[in-house]
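In case you want the letters, here they are:
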Number of protein chains: 2
Amino acid sequence: MKETKQEIIDAAISVLNADISAPLDFIAAKAGVSRRTLHRYFSSREELLGACAQDMMLTWQKAMLVAYNSTRDPIEQLEQMLYAGIDCGVKYAFLNKLRDHVDQELLQAVPDKQYEQARDKWFRRVPGLQRKGIISRALPAPWIKALFTGMITTTIEALRSGDVAPNKIKELAWHSFSKSIGIGHQQG
Amino acid sequence: MKETKQEIIDAAISVLNADISAPLDFIAAKAGVSRRTLHRYFSSREELLGACAQDMMLTWQKAMLVAYNSTRDPIEQLEQMLYAGIDCGVKYAFLNKLRDHVDQELLQAVPDKQYEQARDKWFRRVPGLQRKGIISRALPAPWIKALFTGMITTTIEALRSGDVAPNKIKELAWHSFSKSIGIGHQQG
DNA sequence: GACAAATGTCACAATGTTGTGACATTTTAA
DNA sequence: TTAAAATGTCACAACATTGTGACATTTGTC
């Protein structure tokens, strides 16, 4: 059986993702636990928020590193990183929101530098790949980064809506994302 | 000078988009108005939420219809609809969230059918365009729809982050979106 | 079963949020 | 200028949320 503390964190991420100000009652209910128990693990809302942020970052970071190290081919690295991002699921969408609401001190403990390491390492290669014509030269690097994170949230949203078959969705996501940044084109 | 009521709605959409449970004080402050005045226009939080939903839907609907009617070419229609979606800005991202929080009765008054009219009219043509090879046949229609809304939020997020030049962003969005659904490919 | 750890239930104070009334002040339009 | 409309300020009650203590109940382990 899972640790209660982790279950509360997971519930919190899920609930707070929909409503960052949701009462602790909702989070406790989602975790199948009384509010009193929640408070035994997290003395305050602020502390819970911080734990969520830390949990998310570690999850994300680990997944990205595994993906990045799974191959030497940059295109395959990107594909694996996209899949890893999708697998992180709803947790990912929550990440940006938290930055506005969590006391920054609570995030200091997290190895923030490492967290972005894998993805950023990859994105520093973008100009080189563009020179080789592998990625469209028409697209600025920050836009490519935006498309990457955007495709993850798009995919998660599509999954949540239930309109797209789940077993095909990663394939679709990579297909569309790779095309959107010009992979597979011959552009001299 | 703008109507106070509309200013409050705009402020509410902006604030609630970041935090659906944000106190009315924040909304009033954003609107440059006292909380008491806010309550003179909206007797309850619920009523304000409903007004936001209605306002958004009408804005979105009008923009889509204008875009749709601006040309007969389906590809150009799609391009214009994407631009219209981006122009609706932060308002759009709010729309889905509201569906979970607003009493559905308050949305009944809105011509919901019409709201989706233009976009849905377009998306019903997708199979035909796929048969002609204009859009990739590998992509299910719901996924294309997800990509459309996803590209809008991606673009808005990129704008908000400040990492991508605003004057080029619509162009980038259309470039990447059209590629992501297979427009411009020769696929037999 | 017996014991310890974890959890639940209830009560409670402190604080935050909402919605309203009364009245002062400012803005608008004639 | 003046009267009406709009807004601001303050006070207030009702309600929601948070965090904690005291004690009962359940769960896991020997």
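The structure this text deals with has already been given above.
Residues numbered from 1 in each chain as written. Chains lettered and ligands numbered in written order. Predicted model: local features only at pLDDT ≥ 70, side-chain atom pairs only at ≥ 80, totals over all residues. Heavy atoms only, no water.

1. So, the protein's contact with DNA strand C
Filter applied, for reference: Here a residue counts as near a molecule or strand whenever at least one of its heavy atoms sits within 4 Å of it. Distance and chemistry together define a polar contact, namely a pair of N or O atoms within 3.5 Å, with one atom able to donate a hydrogen and the other to accept it when in protein, and with adjacent residues in sequence counting only for side-chain atoms on both sides. Every helix listed is a DSSP run of H or I at least four residues long, and every strand listed is a run of E at least two residues long, numbered separately from the N terminus. Residue polarity follows a fixed list, in which Ala, Val, Leu, Ile, Met, Phe, Trp, Tyr, Cys and Pro are nonpolar, Asp, Glu, Lys and Arg are charged, and the others, Gly among them, are polar.
Around DNA strand C, 18 residues are found, and the nearest of them are T4, T37, R40 and Y41 of chain A together with R35 of chain B. In DNA strand C, the atoms that sit within 4 Å of the protein are 41% sugar and phosphate, with bases accounting for the remainder. L24 of chain B places a polar main-chain atom, nitrogen or oxygen, 2.9 Å from a phosphate oxygen of DNA strand C. R36 of chain B has a polar side-chain atom sitting 3.0 Å from a base oxygen of DNA strand C. Every element with two or more residues in the surface near DNA strand C is listed here: α3 (35-41) of chain A together with α2 (24-31) and α3 (35-41) of chain B. Of the residues assigned to the surface near DNA strand C, the class counts are 4 nonpolar, 7 polar and 7 charged.

2. Section: the packing of aromatic side chains
All names here are of chain A. Our working definition: Side-chain rings of Phe, Tyr and Trp, where Trp is taken by its six-membered ring, are said to pair if the distance between their centres is within 6.5 Å; with planes under 30 degrees apart they count as stacked, over 60 as edge-to-face, and otherwise as tilted. Think of it in three bands: with a 1.4 Å probe and only protein chains considered, a residue is buried below 20% of the maximum accessible area for its type, exposed above 50%, and partly exposed in between.
Counted by the stated rule, this structure contains 8 aromatic pairs over all chains. Between W122 and F123, the ring centres sit 5.1 Å apart and the planes meet at 80°, which makes this aromatic pair edge-to-face. In this pair, the class of W122 matches that of F123, namely buried. The structure contains a cluster of three or more aromatic residues connected by ring pairs, namely W122, F123, F148, W174 and F177.

3. Some details on the relation of the copies chain A and chain B
Put simply, the rule is: Copy-to-copy superposition: least squares on the C-alpha atoms, limited to residues that have pLDDT of at least 70 in both copies. Contact definition: two residues touch when any of their heavy atoms are within 4.5 Å.
Superposing chain A onto chain B takes a rotation of 180° combined with a translation of 0.0 Å along the rotation axis, leaving an RMSD of 0.1 Å. Each copy turns onto its partner about a two-fold axis. Residue S180 of chain A of chain A places its C-alpha closer to the rotation axis than any other residue of that unit, at 2.2 Å. Interface overlap between copies: 100% of the residues of chain A at the interface are likewise at the interface in chain B, consistent with a symmetric, same-surface contact.

4. Some remarks on the interface of chain A and chain B
Under the convention used in this document: Values labelled buried area give the accessible surface lost by two parts on being combined, using a 1.4 Å probe and summing over both. Any Lys or Arg side-chain nitrogen located within 4 Å of an Asp or Glu carboxyl oxygen qualifies as a salt bridge.
Between chain A and chain B, the residue contacts involve 29 residues of the former and 29 residues of the latter. At the boundary of chain A with chain B, total buried surface from both sides reaches about 2300 Å², with 68% on carbon and sulfur atoms. Taken as a group, W143, T154 and L172 of chain A account for 24% of the area that chain A buries against chain B, more than any other trio of residues on that side. Viewed at the interface, chain B and chain A are joined by 0 salt bridges. No other element matches helix α11 (residues 141-161) of chain A, which puts 9 residues into the side of chain A that touches chain B. For the side of chain A that touches chain B, the class distribution of residues is 15 nonpolar, 10 polar and 4 charged.

5. Notes on the protein's contact with DNA strand D
Near DNA strand D lie 18 residues; those nearest to it are R35 of chain A together with T4, T37, R40 and Y41 of chain B. Taken together, the sugar and phosphate atoms account for 41% of what DNA strand D places within 4 Å of the protein. A distance of 2.8 Å separates a base nitrogen of DNA strand D from a polar atom in the side chain of R35 of chain A. A distance of 2.3 Å is found between a phosphate oxygen of DNA strand D and a side-chain nitrogen or oxygen belonging to Y41 of chain B. Of all the elements in the fold, those that place two or more residues in the surface near DNA strand D are α2 (24-31) and α3 of chain A together with α3 of chain B. Residues belonging to the surface near DNA strand D are distributed by class as follows: 4 nonpolar, 7 polar and 7 charged.

6. Points about empty space enclosed by the protein
Over the atoms rolls a probe the size of a water molecule, and its path tells where empty space is left. Quick reminder of the rule: Method remark: on a 1 Å grid restricted to protein atoms, a set of points is classed as a cavity if a 1.4 Å probe fits but cannot get out and as a pocket if it is open with protein on both sides within 12 Å along at least five of seven lines; lining residues have an atom within 4 Å of a point. Grid points are joined across faces, edges and corners, and a volume is the space filled by probe spheres set on the points.
Summed over the entire model, instances satisfying the criterion amount to 2 cavities of 30 Å³ or more. In this structure, the largest cavity spans a volume of roughly 80 Å³. Lining the largest cavity are L147, G150, M151, T154 and S180 of chain A together with L147, G150, M151, T154, F177 and S180 of chain B. For the lining of the largest cavity, the secondary-structure elements that each account for two or more residues are α11 of chain A together with α11 (141-161) and α12 (169-180) of chain B.

7. Description of the layout of surface pockets
Residue and element names in this part refer to chain B. Defined as follows: Boundaries of every domain are those given by an automatic assignment or by a domain database.
Considering only enclosed or pocket space, the second largest pocket measures out at about 190 Å³ in volume. Lining the second largest pocket we find 12 residues, and of these I9, F42, G50, A51 and Q54 sit closest to its centre. Elements supplying a minimum of two residues to the lining of the second largest pocket: α1 (4-18) and α4 (45-69). With 6 residues, the single largest contributor to the lining of the second largest pocket is α4. Split by residue class, the lining of the second largest pocket holds 6 nonpolar, 3 polar and 3 charged. Composition of the lining of the second largest pocket by domain shows at least three residues from each of domain 1 (1-43) and domain 2 (53-180).

8. Regarding α2 of chain A
All names here are of chain A. As a reminder, the rule being used: The arc in question is formed by the directions pointing from the helix axis toward the C-beta atoms.
Residues of α2 that are buried include every one of L24, I27, A28 and A31, and no others. Projected down its long axis, α2 carries its buried residues within an arc of 100°, all on one side. Facing away from the buried surface of α2 by more than 90 degrees, the exposed residues are F26, A29 and K30. Check the buried side of α2 and you find it contacts α1 (4-18), α3 and α4 (45-69). Once α2 ends, the next one or two residues include G32, with phi positive near 70°.

9. What to know about the nonpolar core
If you look at soluble globular proteins, the nonpolar side chains tend to sit buried side by side. Short version of the rule: In this text, buried Ala, Val, Leu, Ile, Met, Phe, Trp, Tyr and Cys residues form a nonpolar core when linked through side-chain atoms within 4.5 Å.
Within the largest apolar cluster, 100 residues are counted, with the highest numbers of intra-cluster contacts made by W143 of chain A together with W143 of chain B. Among the elements that take part in this core, α4 of chain B stands out by supplying 11 residues, more than any other. Every residue in contact with W143 of chain A, bar those within four places of it in the chain, is listed here: M151, T155, A158, V164, I169, L172, A173 and S176 of chain B. In this structure, A11, A12, I20 and A31 of chain A belong to the second largest nonpolar core, which totals 25 residues.

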